[in-house]
Amino acid sequence: MSIALSLLDLAPVSSGRSARESFEASVVLARAAERSGYRRVWYAEHHNMPTIASTATSVLIGYVAAHTESIRLGSGGVMLPNHSPLVIAEQFGTLETLYPGRIDLGLGRAPGTDQTTMRALRRNAASADSFPEDVLELQGYLNGESRVPGVQAVPRPEGGVPLYILGSSLFGAQLAAHLGLPYAFASHFAPDALHEAIALYRETFKPSEQLSEPYAIAGVNVFAAEDHDEAVTQMKIAHRARTRALIARGPAGGDLTDEQIDLFLASPNGRQIASMTRCTAVGTPAEVRDYLKDFAASAQADELILVHSAPRVADRVGSIELTAAAMLGAGTP
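Residues numbered from 1 in each chain as written. Predicted model: local features only at pLDDT ≥ 70, side-chain atom pairs only at ≥ 80, totals over all residues. Heavy atoms only, no water.

(A) Molecular detail of the overall build of the protein chain. Regarding its fold elements, the protein chain presents 12 helices and nine strands. The globule rule puts the C-alpha radius of gyration for 333 residues at 20 Å, and the 19 Å found for the protein chain is close to it. Across its three principal axes, the protein chain shows a C-alpha extent of roughly 60 × 45 × 40 Å. When each of the 333 residues of the protein chain is scored for burial, the buried share is 52%. For the protein chain, contacts bridging at least 24 residues in sequence account for 73% of all contacts bridging at least 6. Surface summary for the protein chain: the accessible area is close to 15000 Å², and the carbon and sulfur share equals 53%. For the protein chain, the centre of its 27 positive side-chain charges and the centre of its 36 negative side-chain charges are spaced 2 Å apart. (Helix = DSSP H or I, 4+ residues; strand = E, 2+ residues; numbered from the N terminus. Rg over C-alpha atoms; globule rule 2.2 N^0.38 Å. Buried < 20%, exposed > 50% of the residue type's maximum accessible area, 1.4 Å probe, protein only. Contact = heavy atoms within 4.5 Å. Areas by Shrake-Rupley, 256 points an atom, 1.4 Å probe, with all protein chains shown as cover. Lys, Arg positive; Asp, Glu negative; His and termini not counted. Charge placed at Lys NZ, Arg CZ, Asp CG, Glu CD.)

(B) Structural view of the pairing of strand β5 (residues 163–167). Among the five residues in β5, five count as buried, and that is most of the element. Of the strand pairs in this sheet, strand β4 (residues 103–108) and β5 are connected by three bridges, and their pairing is parallel. Along β5, the bridge assignment pairs G106 with Y164. At this point the chain moves from β5, through helix α6 (residues 170–179), to the parallel strand β6 (residues 183–185), and the crossover so formed is right-handed. (Pairing = 2+ DSSP bridges. Right-handed = clockwise from strand over helix to strand, strands pointing away.)

(C) How the structure looks around the pattern of salt bridges. Counting across every chain of the model gives 14 salt bridges. R35 is the partner of E321 in a salt bridge, and the nearest nitrogen-oxygen pair spans 2.9 Å. Here R35 lies in helix α1 (residues 19–36) and E321 lies in helix α12 (residues 313–327), a separation of 286 residues in the sequence. On the basis of relative accessible area, E321 is assigned to the buried category, the value being 12%. Notably, a salt bridge pairs D258 with R244, separated by 2.7 Å at the nearest N-O pair. In this pair, D258 is assigned in helix α9 (residues 258–266) and R244 in helix α8 (residues 228–248), connecting sequence segments 14 residues apart. Exposure remark for D258: the relative accessible area of 33% places this residue in the partly exposed category. (Salt bridge = Lys/Arg side-chain N within 4 Å of Asp/Glu carboxyl O.)

(D) Examining the packing of aromatic side chains more closely. Under the criterion given, the structure shown has five aromatic pairs. With a centroid separation of 5.1 Å and an interplanar angle of 75°, the aromatic rings of W42 and Y164 are classed as edge-to-face. Pair noted here: W42 is in strand β2 (residues 40–43) and Y164 is in strand β5, with a separation of 122 residues, a long-range link. The buried category is assigned to Y164, whose relative accessible area is 7%. Ring centres of Y201 and F205 lie 5.7 Å apart, and the angle between their planes is 75°; this geometry places the pair in the edge-to-face category. On the accessibility criterion, Y201 (0% relative accessible area) is buried. Under the relative-accessibility criterion, F205 is labelled buried at 13%. Between R109 and the ring centre of F171, over which it is positioned, the NZ or CZ distance is 3.8 Å. (Phe/Tyr/Trp six-rings, centres within 6.5 Å; stacked < 30°, edge-to-face > 60°. Lys NZ or Arg CZ within 6 Å of the ring centre and 35° of its normal.)

(E) Quick look at the pairing of strand β9 (residues 303–308). Among the six residues in β9, six count as buried, and that is most of the element. Residues E303, I305 and V307 of β9 are buried on one face, and the alternating residues L304, L306 and H308, pointing to the opposite face, are buried as well. By the bridge criterion, four bridges tie strand β1 (residues 4–9) to β9 in an arrangement that is parallel. Counterpart to L5 in the pairing with β9 is L304.

(F) Structural context of the nonpolar core. Counting 85 residues, the largest nonpolar core has L105 and L304 as its most contacted members. Here this core takes six residues from strand β7 (residues 216–224), the largest share from any one element. Setting aside chain neighbours within four positions, we find L304 in contact with I3, A4, L5, S6, A218, V220, L292, F295 and A296. (Core = buried A, V, L, I, M, F, W, Y, C linked by side-chain atoms within 4.5 Å.)

(G) Representation of the packing of helix α7 (residues 194–204) against helix α11 (residues 285–299) in the model. Put simply, α7 and α11 touch, their axes get as near as 9 Å, and they point 55° apart. Taken together, the axis directions place α7 and α11 in an arrangement best described as oblique. Residues L194, H195 and I198 of α7 form the contact with α11, whose own contacting residues are F295, S298 and A299. Broken down by class, the residue content of the contact of α7 with α11 amounts to four nonpolar, two polar and no charged. (Axes fitted to C-alpha atoms, helices over the stretch in contact; angles between N-to-C directions. Parallel < 35°, antiparallel > 145°, perpendicular 65-115°, else oblique. Nonpolar A, V, L, I, M, F, W, Y, C, P; charged D, E, K, R; others polar.)

Keep in mind these numbers describe shape, not what the thing actually does.
See below:
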């Protein structure tokens, strides 16, 4: 079975670089994915993380859409409890009106940040409890069947905006199955419940107007290079940078040396962080292809959303193109 490939871009801000440079890199990556045959590019909502610039997800989607031609673009995801469903419907209705047939709306219920920032977002910790109702309210606005009498989202796109439920637990799987929506599992950083969640989703799926059969997407990290050792080096650098960000959530993380990071990851306290990225394909194109095919079959995934997070933009582009050539038979420029 052919496996669709997509790209998850966190718009990372490297040390010594600016957010603007990160956004320009996002365009470069999206164009590489477009010409290489990837199906979509998604951007994730995170807050109060100096190393991630995709906070205003809908704005970034619009910027990249204006600089690409055909690839689908969307959120992976918008953390719906941080927002009113009406505002998100207005934002994504606007995007779909401007770029018809190209916009996805992936929805999650996590805060995408820490407790203090949750309060700054004016979010109540109980907001996640109303996530199912908020999804239905949002869907109603986008479909022109508002659940709030007298209120409609303007503009409402003619073709609608497809919804996706994101998650890393059984809750999201059950909700996506009940609503008949595609389900995307965040196995690129929270892989523990991957197989159980997708199996549950497939077993309990109910057809809907949007989707007649279950459709599952699984996240996986990828470091592809012509040389195996080079791919491993890129992976190590990226995983260290990620660990610094998780430990410090700020500039202080840069004070930790590579040796200190490696010792921490090997310690009992660090093994949990290390295990978060165990769904990782690394090596030559052939090695990456073999891993991804086995991963997709094991996870029962219809589509893989790949996180190419090599430190340099050129290496990320190379990883995108090499993976596509190996998996899809796509040529490189």
